[in-house]
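Structural features, examined
This is what each chain is made of:
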Amino acid sequence: WTAETPNLYVATYTLIQNNKTVYTQNEKFGFRTLEVRQGDGIYVNGTKIKLKGVNRHVWWPETGRSVNRNIDLMDVKLIKEMNMNAVRCAHYPPDKSFLEICDSLGLYVLDELAGWQKAYGTEVGRKLVKELVIRDVNHPSIIFWANGNEGGHNKELVDEYKKYDLSNRTVIHAHHRPGNEINGIDCNHYEDFYSTKKILEGPNIYMPTEFLHAQDDGGAAAGLADIWELHWKSKLGAGGFIWNLADEGLVRTDFNNQLDVNGVNAPDGILGPHRQKEGSFYAIREIYSPVHIKMKKLPANFDGNIKVENRFHFTNLNACKFEYRLVNYRKPYDNESGIAEEVLHKITSPTINPTDSGYVKMNLAANWKNYDALLLTAVDPDGNDIYTWSWQVKDSKALTATILPIDTKTAVELVEDSVNFSLKANGITAFISKKTGLLVDLANDYSMKMAFRNGPVLVNGKSNFVSVRTGEEGENKIVEATYSGDLKYIRWTMRPDGWLKLDYSYHINADVPFAGVSFDFPESYMLSAKWLGNGPYRVWKNRLQGVTRNTWEKMHNDSRPGIGPWNFPEFKGYFSNINWIQFNSVQGKFLVATDQDDLFVRLFDFYGMSGTQGYPQLPTGNVSFLDAIPAINLKVKLGGAV
């Protein structure tokens, strides 16, 4: 038995009296060995493993801590879907059904004696340990006994576990105070990246039973890729357990069935209260994928070979299935979003042993460069999708060129009054301020004005207006403003087809959380947005994973993790690698496209609740086009460690 190969057997116990069967019980179990090799690592069946785990509280909004087998099954399947292989039963033993499902589907389990900050007395603790171990001892999924949490461990109970566990599983202490390491394992909570590097120098195996607190948006996967690489590559890194699986919200029948998460105290899950998937869910899924791919962009000389690392512990990649798709995405004027055309190609699965590297080899179609993107999907031996990666085939300039052509054209007009320059063509008019060089208004021939204005302004840096000039470039008319400071120039070009082109240049030599430009647009006017780029979830600088390339479309919502209404994906936030975005507002639709690769778009004020640390500052304005975005900030201080 392993978490990858959860092979089980059934033992049948029969009680016979006077040659008659009076009682029968079936017990499932599995064969496996567990070793903690001090100064080395954790071994299952002689193979060193790394734990990709999460903490789980028993919880459901309508029933509190009373759950059923279906909820237990759902939680195990969700944990497995994130490509995790372990769960900590914090801070008490779960229902027996949960352990049975972990045995059956394959998860390594930390089974924990109840106790949080306070330990049980020795007399009652001995009784509880006996009941815990006798009930759960035959579950192969359980690899450790956790003797309490964060000061809730009575060290006089450590020797009690082996009295009832013939396999003598290792006992650990889940803690956040030095001095509680035990049996060669340090489980210290909430260390930062640099202290983690130091702890991994030893002498103990490091397996944090809580890390990367998932309050609000981002914590569960923010920085996880770096932490995971540290553990994967370190001799003494055993992985760890993210806090926490799901927001704990209770339905308050005394307050019109409102979900109460007790302020900042309980909305600290990767999932919402009813297991709604936040962006971190998909980021974790990519980071923890046992088919590990580092390639972010297709190289110029791409020949169909993609380097992969097998991060399974027991499974050769030839037991998995692979396929790739060449796709074209829907355009902004299409009635639908998503993929417009795709061609599926099977791939011969590579033979790559666990922890080795090799190549997935595609026989690329002769016309593969005619498509917008290439998608690769890996499927595990049980038929479950591991992950789908996406790469841009055509660059942003080529993609934008396919949506720019407009058949109707008129001569471009450039007029001015005492305040503004007006650029007009094909029914579109742009008003540019003579004193700032910024966009003042947009309008069409139906006298409909678009409140997309007051930009582009730098989100960081200084700019002082110097002068403005007008000019011509073939059939185009130009208004260009120059500046002193970090902003160099803004150039507006109106084409005969009505496209208004914006060029700008800035240079910032400073440490700043974000860089780029912003415009004003009232959020109350926004109905929906459609875009070609990564999605559908938003990203942070330290959580760029978990998004795929497509034409996405979302209705406006004000969902905020930890507050509600847990309607994901959120409409607002930072979105990556945008080629074009079409805004649908009460004033009509307008489209913004770019030739630039790796452009971020920020939509509105999207911060929710926060703890003592707060969020990083937002860019000015309402809609931003950015070259750099911030990391999710710290939100809570726990026990002196952040």
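First, a word on what this report is: a plain description of the structure on this page. All of these numbers come straight from a predicted model, not from anything done at the bench. (Residues numbered from 1 in each chain as written. Predicted model: local features only at pLDDT ≥ 70, side-chain atom pairs only at ≥ 80, totals over all residues. Heavy atoms only, no water.)

With that settled, consider the overall build of the protein. Of the regular secondary structure elements, the protein holds seven helices and 40 strands. The C-alpha radius of gyration of the protein comes to 29 Å, within 12% of the 26 Å expected for a compact globule of 642 residues. With the C-alpha coordinates aligned to their principal axes, the bounding extent of the protein is approximately 105 × 55 × 50 Å. In the protein, which comprises 642 residues, the proportion classed as buried is 54%. A sequence separation of at least 24 residues applies to 63% of the contacts in the protein between residues at least 6 apart. For the protein, the separation between the mean place of its 71 positive charges and that of its 75 negative charges on side chains is 2 Å. (Helix = DSSP H or I, 4+ residues; strand = E, 2+ residues; numbered from the N terminus. Rg over C-alpha atoms; globule rule 2.2 N^0.38 Å. Buried < 20%, exposed > 50% of the residue type's maximum accessible area, 1.4 Å probe, protein only. Contact = heavy atoms within 4.5 Å. Lys, Arg positive; Asp, Glu negative; His and termini not counted. Charge placed at Lys NZ, Arg CZ, Asp CG, Glu CD.)

Unfilled space is identified by rolling a water-sized probe across the atoms. Estimates place the volume of the largest pocket at around 1400 Å³. Around the largest pocket, the lining is made up of 42 residues, and of these Trp-499, Leu-500, Leu-591, Val-592 and Ala-593 lie nearest the centre. Of all elements in the fold, only α7 (396-401), β26 (439-444), β27 (449-450), β32 (500-506), β33 (515-520) and β38 (588-593) reach the threshold of two or more residues within the lining of the largest pocket. Examining the composition of the lining of the largest pocket, we find that six residues originate from one element, β38, more than from any other. Classifying every residue of the lining of the largest pocket by side-chain character gives 24 nonpolar, ten polar and eight charged. There is about 820 Å³ of room inside the second largest pocket. (1 Å grid on protein atoms, 1.4 Å probe; cavity = no way out; pocket = protein on both sides within 12 Å on 5 of 7 lines; lining within 4 Å. Points joined across faces, edges and corners; volume = space filled by probe spheres on them. Nonpolar A, V, L, I, M, F, W, Y, C, P; charged D, E, K, R; others polar.)

Let us now look at the sheet that holds strand β16 (residues 291-292). Spatially, the three strands line up as an open sheet ordered β16-β17-β20, and their pairing is antiparallel. The open sheet has two edge strands, β16 and β20 (357-361), and neither has a second partner. As paired strands, β16 and strand β17 (residues 305-310) are joined by two bridges and run antiparallel to one another. Along β17, the bridge assignment pairs Val-291 with Asn-310. (Pairing = 2+ DSSP bridges.)

Another aspect to go through is empty space enclosed by the protein. Across all of its chains, the model carries six cavities of 30 Å³ or more by this definition. Glu-191, Thr-196, Tyr-206, Pro-208, Phe-211, Ile-227 and His-231 together form the lining of the largest cavity. Residue classes in the lining of the largest cavity are distributed as four nonpolar, two polar and one charged.

With that settled, consider the sheet that holds strand β22 (residues 385-392). Within a sheet, each strand pairs with its neighbour through backbone hydrogen bonds, oriented either parallel or antiparallel. Read across the open sheet, the four strands follow the order β19-β18-β21-β22; overall the sheet is antiparallel. Lying at the two open borders of the sheet, with one neighbouring strand each, are β19 (339-347) and β22. Averaged over neighbouring strand pairs, the angle between their axes works out to 20 degrees when direction is ignored. (Axes fitted to C-alpha atoms, helices over the stretch in contact; angles between N-to-C directions.)

For the rest of this paragraph, the subject is helix α3 (residues 122-136). In a regular helix each residue adds 1.5 Å, so 15 residues correspond to 21 Å; α3 covers 21 Å between its end C-alpha atoms and thus fits that length. The complete set of buried residues in α3 reads Thr-122, Gly-125, Val-129, Leu-132, Val-133 and Asp-136. Along the long axis of α3, the arc covered by the buried residues comes to 90 degrees, so they all point the same way. Turned more than 90 degrees off the buried face of α3, the exposed positions are Glu-123, Lys-127 and Glu-131. On its buried face, α3 sits against α2 (96-105), β8 (108-112) and β9 (142-149). (Expected span 1.5 Å × (residues − 1). Arc of directions from axis to C-beta.)

Closest axis-to-axis distance for the helix α1 (residues 69-81)/α2 pair is 9 Å, and the angle between their directions is 40 degrees. By the criterion of interaxial angle, the relationship of α1 to α2 is oblique. Crossing angle aside, the handedness with which α1 passes α2 is right-handed. Of α2, the residues touching α1 (which contributes Arg-69, Asp-72, Leu-73, Asp-75, Val-76, Lys-77 and Lys-80) are Ser-97, Phe-98, Glu-100, Ile-101, Cys-102 and Leu-105. Across the contact of α1 with α2, the residue classes tally to six nonpolar, one polar and six charged. (Parallel < 35°, antiparallel > 145°, perpendicular 65-115°, else oblique. Left-handed = near helix turned anticlockwise from the far one by under 90°.)

Another aspect to go through is the pattern of salt bridges. In the structure shown here, the tally under the stated rule is 36 salt bridges. The partner of Lys-449 in a salt bridge is Asp-441, with the nearest N and O atoms 3.7 Å apart. Residue class for Lys-449 comes out partly exposed when judged on its relative accessible area of 42%. Classification of Asp-441 as buried rests on a relative accessible area of 11%. Its salt-bridge partner being Glu-570, residue Arg-538 comes within 3.8 Å of it at the nearest N-O pair. (Salt bridge = Lys/Arg side-chain N within 4 Å of Asp/Glu carboxyl O.)

Where strand β1 (residues 9-17) lies against strand β2 (residues 20-29), nine bridges are found, and the strand directions are antiparallel. In the sheet register, Gln-17 faces β2, and the bridge partner there is Lys-20. As consecutive antiparallel partners, β1 and β2 are separated by two residues, and within that stretch Asn-18 has a phi angle of approximately 55 degrees, a positive value.

Here we take up the packing of aromatic side chains. Under the definition given, this model contains 27 aromatic pairs. Ring geometry for Trp-531 and Phe-575: centres 5.4 Å apart, planes at 50 degrees, overall tilted. One end of the pair, Trp-531, is in strand β34 (residues 526-535); the other, Phe-575, is in strand β36 (residues 573-575), with 44 residues separating them in the sequence. A single burial state applies to Trp-531 and to Phe-575, both of which are buried. Joined through ring pairs, the aromatic side chains of Phe-452, Phe-519, Phe-521, Tyr-525, Phe-583, Phe-590 and Phe-625 make up one cluster. Over the aromatic face of Phe-98 sits the side chain of Arg-56, whose NZ or CZ is 4.0 Å from the ring centroid. (Phe/Tyr/Trp six-rings, centres within 6.5 Å; stacked < 30°, edge-to-face > 60°. Lys NZ or Arg CZ within 6 Å of the ring centre and 35° of its normal.)

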